[in-house]
Amino acid sequence: PASGPLAGRHVIVTSGPTHEPIDPVRYIANRSSGKQGHAIATAAARAGARVTLVSGPVNLPDPAGVEVRRVETAREMLAAVDAALPADVFIGAAAVADWRVEAAGDKIKKKKGDSPPALALVENPDILADVAARGRERPRLVIGFAAETENLLAHARDKLVRKRVDLIVANDVGSGVFGAGENEAHLVTAEGVESWPRLGKDEVASRLVARIATMLEASAGK
Ligand code: C5P
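Residues numbered from 1 in each chain as written. Predicted model: local features only at pLDDT ≥ 70, side-chain atom pairs only at ≥ 80, totals over all residues. Heavy atoms only, no water.

Under an unreviewed UniProt entry, the protein has the name Coenzyme A biosynthesis bifunctional protein CoaBC and belongs to Methylocystis bryophila.

Brief notes about the pairing of strand β11 (residues 182-189)
Our working definition: When a residue's accessible area, from a 1.4 Å probe over protein chains only, is under 20% of the maximum for its type it is buried; when over 50% it is exposed; and in between it is partly exposed. Here a helix means four or more residues in a row that DSSP labels H or I, a strand means two or more in a row labelled E, and each is numbered from the N terminus. For two strands to be treated as a pair, DSSP must find no fewer than two bridges joining them.
Most of β11 sits out of view: 6 of its 8 residues are buried. Note that strand β10 (residues 167-172) and β11 share 4 bridges and pair antiparallel. Paired with Ile168 across the strands is Val188, a residue of β11. Bridging between β11 and strand β12 (residues 192-200) involves 7 bridges; their strand directions are antiparallel. Within β12, the residue paired with His186 across the bridge is Ser195. The hairpin turn running from β11 into β12, its antiparallel successor, is 2 residues long.

Side note on the site of the ligand
Rules: Throughout, near means a residue has at least one heavy atom within 4 Å of the molecule or strand. N or O atoms within 3.5 Å of each other form a polar contact, as long as, within protein, one can give a hydrogen and the other can take it, and as long as residues adjacent in sequence are counted only when both atoms are side-chain atoms. The Shrake-Rupley method, run with a 1.4 Å probe, gives the accessible areas here. Residue values count only the displayed protein chains as cover.
Around the ligand, a shell composed of Gly92, Ala94, Val96, Asp98, Pro125, Asp126, Ile127, Leu128, Gly144, Phe145, Lys159 and Lys163 is seen. Measuring from an oxygen atom of the ligand, one finds a backbone N or O atom of Ala94 at 2.7 Å. Within the backbone of Pro125, a nitrogen or oxygen atom sits 2.8 Å from a nitrogen atom of the ligand. When the ligand is considered free in solution it has 440 Å² of accessible area, and contact with the protein chains removes 86% of it. Put simply, the parts of the chain that give the shell around the ligand at least two residues each are α3 (127-132) and β9 (141-148).

Regarding the nonpolar core
The line we're drawing: Definition used in this section: a nonpolar core is a set of buried Ala, Val, Leu, Ile, Met, Phe, Trp, Tyr and Cys residues joined via side-chain atoms within 4.5 Å. Contacts were defined at the residue level, with two residues in contact if any of their heavy atoms lie within 4.5 Å.
Counting 35 residues, the largest nonpolar core has Leu6, Val11, Val13, Val51, Val89, Ile91 and Ile212 as the members making the most contacts within it. The biggest single contributor to this core is helix α5 (residues 201-219), with 8 residues. Discounting residues that sit within four places of it in the chain, Val11 has contacts with Leu6, Ala44, Ala49, Arg50, Val51, Thr52, Val89 and Ile91. Grouped together as the second largest cluster of nonpolar side chains are 25 residues, Ile12, Val131, Ile168 and Ala170 included.

A short note on the UniProt feature "binding site: CTP" (unreviewed entry) in the protein
Using the following cut-off: UniProt positions are given in the numbering used here, feature names are shortened, and annotations may be inferred rather than shown by experiment.
Under the UniProt annotation, "binding site: CTP" (unreviewed entry) lies at Asp98, Lys107, Pro125, Asp126, Ile127, Leu128, Phe145, Lys159 and Lys163. With the annotated positions falling across 66 residues, the maximum pairwise C-alpha distance of 37.3 Å shows that they are not confined to a single cluster. With respect to the element layout, Asp126 can be found in the loop between β8 (121-123) and α3. Given a relative accessible area of 32%, Asp126 falls into the partly exposed group. Polar contacts involving the side chain of Asp126 include one to the main-chain amide nitrogen of Leu128, which spans 3.2 Å. Mapping Phe145 onto the fold places it in strand β9. Judged by relative accessible area, which is 19%, Phe145 ranks as buried. Sequence-distant contacts of Phe145, that is, excluding residues within four places in its chain, are made with Gln36, Ile40, Ile91, Gly92, Ala93, Lys159, Ile168, Val169, Asn171 and Leu208.

Take a look at the structure:
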């Protein structure tokens, strides 16, 4: 049996972007690399947890000792999370597309003289808020990320309350963290904010996992 501060715990992590098809050959995506989410899955496994990593399309190897479920769309990601529950901890590190396209069954053709096609957007499920709103199936700790270019902490606090999560890891994406190896994280909880210096994404992951172990201990018996 595994040993470590998260031994006996099941941790679900979402990571990477989602791809939302426009037609059979085109899609909408975002700049998430999956580095931070994958690093968290790796760190949680090292800490002894059983880890399910639900990943959108990324150019990263599957982390060692982790159960990986690869998906493309937000709806597939939610279905994979659903199938992986119950868990002690849910960490939503994926950059889930807020909207999907009402996809065409066939490739949209460009015809001379036609005006460009309009994309009809439909709201995607909010996986983090959905998991946090579960009753008996709600993981003891639900953790989200906030990537913002402005008013970082205000948006993070708003997300904490609105999505009913226990912790938001906020980072400023105005300064090129997408795809980069480092992150400047602020941990936002109901108790307040703790700001970490600029750290490697692996270091952010192992510190976060240590914090999760402490929070689980503190909430034991509650
Ligand atoms: O509101 P915003 O998208 O900025 O919130 C980010 C957090 O919510 C991240 O933890 C992200 O993984 C999660 N999220 C989600 N499903 C969505 C949108 C965001 O799980 N559809």
